Amino acid sequence: MSVVRPDLLVAAGLRRTITTARASATLDRATIGNVVGRALDLAMPPSCVGCGLEGRLFCDVCRPALESRLQRPGGVSIGLIAEIPAPLLQLEWCSPFAGPVRAALHAFKYAGERRLAEPLGAALATRWRSAGVGGDLLVPVPIHADRLRARGYDQAVLLARVVGRDLAVPFAPILERHRPTERQFDLDRGARSGNVAG
């Protein structure tokens, strides 16, 4: 791989392109993320988001909450809308928004617990596989750039990366959010649909 440093070219008064070769042995993001995650677990062992038990993000007692919908048929209404909006064919989720799952989603989105992307994304992939959800490309709906700067990560992208890996479906973060919206968490049920309309 070659690297061009235009800033050095200008500083040196050179007008030609200078390249430097880098070593071919590079670590990919997944490997680096795995190493960083393990180091973080050693420094600050995770606690169960449901009950606080130290050791894992979901203990053996709270983990079944992630899989509570596995036996239900696909395409079951989630209770927030009367009909699935066109052009969507099916809506799926892996568990009710309650108990350990609610705590996990809040920790993931609002408390910076990025490690939850792995168990939450794996649960989504398991549900989608079980419900027969298919597709050629996974496209996460992004958060607004202001929220991304404040939070430091986009939870939809982190989840999509895990789901795509587990289902062997490519994911592409190709959408942009142009209009900032209020946090759904702060709104009542009636205001939520208006918040994301248009």
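Just so it is clear, the structure is predicted and the values come from calculations on it, not from any experiment.

**Side note on the overall build of the protein**
A count of helical and extended segments in the protein gives 7 helices and 2 strands. When the helices and strands of the protein are read in sequence order from the N terminus, they spell out β-α-β-α-α-α-α-α-α. The proportion of buried residues among the 198 residues of the protein is 27%. The contacts of the protein with a sequence gap of at least 6 include a subset with a gap of at least 24, amounting to 58%. Carbon and sulfur atoms make up 58% of the accessible area of the protein, which amounts to about 13,400 Å² in all.

**With respect to the packing of helix H4 (residues 117-131) against helix H6 (residues 155-167)**
Direction vectors running N to C along H4 and H6 enclose 50 degrees, while the axes themselves pass 8 Å from each other. With respect to each other, H4 and H6 are oriented oblique. In terms of crossing hand, the pair formed by H4 and H6 is right-handed. Contacts from Ala117, Glu118, Leu120, Gly121, Ala122, Leu124, Ala125, Trp128 and Arg129 of H4 reach H6 at Leu158, Leu159, Val162, Val163, Arg165, Asp166 and Leu167.

**With respect to the nonpolar core**
Counting residues in hydrophobic clusters, the biggest one holds 26 residues, and the most contacted among them are Phe58, Phe108, Leu116 and Leu120. When contributions to this core are tallied by element, the ones reaching two or more residues are helix H3 (99-110), H4 and H6. Top element by residues in this core is H4. It accounts for 6 residues. Aside from chain neighbours lying at most four places away, what touches Leu116 is Val49, Leu57, Phe58, Ala104, Ala107 and Phe108.

**Remarks on the pattern of salt bridges**
Tallied over the entire structure, the rule returns 5 salt bridges. We note a salt bridge from Glu113 to Arg115, for which the minimum N-O separation is 2.8 Å. Measuring nitrogen to oxygen at the nearest pair gives 2.5 Å for the salt bridge that ties Glu118 to Arg165. Taken together, the residues span a long stretch of sequence, with Glu118 in helix H4 and Arg165 in helix H6 at a distance of 47 residues. The partly exposed category is assigned to Arg165, whose relative accessible area is 48%.

**Topic: the state of the cysteines**
In this structure the tally under the stated criterion is 0 disulfides. Sulfur of Cys51: no disulfide; nearest cysteine sulfur belongs to Cys59 and is 3.6 Å away. By relative accessible area, which is 6% here, Cys59 ends up buried.

**Concerning the side chain of Arg115**
Tracing the backbone shows Arg115 in the loop between H3 and H4. Residue classification places Arg115 among the buried positions, given a relative accessible area of 17%. Polar side-chain contacts of Arg115 include one of 2.8 Å to the side chain of Glu113. Each residue touching Arg115, except ones within four places of it in the same chain, is listed here: Leu40, Asp41, Met44, Pro45, Pro46 and Leu57.

The rules we used
- Residues numbered from 1 in each chain as written.
- Predicted model: local features only at pLDDT ≥ 70, side-chain atom pairs only at ≥ 80, totals over all residues.
- Heavy atoms only, no water.
- Helix = DSSP H or I, 4+ residues; strand = E, 2+ residues; numbered from the N terminus.
- Buried < 20%, exposed > 50% of the residue type's maximum accessible area, 1.4 Å probe, protein only.
- Contact = heavy atoms within 4.5 Å.
- Areas by Shrake-Rupley, 256 points an atom, 1.4 Å probe, with all protein chains shown as cover.
- Axes fitted to C-alpha atoms, helices over the stretch in contact; angles between N-to-C directions.
- Parallel < 35°, antiparallel > 145°, perpendicular 65-115°, else oblique.
- Left-handed = near helix turned anticlockwise from the far one by under 90°.
- Core = buried A, V, L, I, M, F, W, Y, C linked by side-chain atoms within 4.5 Å.
- Salt bridge = Lys/Arg side-chain N within 4 Å of Asp/Glu carboxyl O.
- Disulfide = S-S within 2.5 Å.
- Polar contact = N/O pair within 3.5 Å; in protein donor to acceptor, adjacent residues only side chain to side chain.

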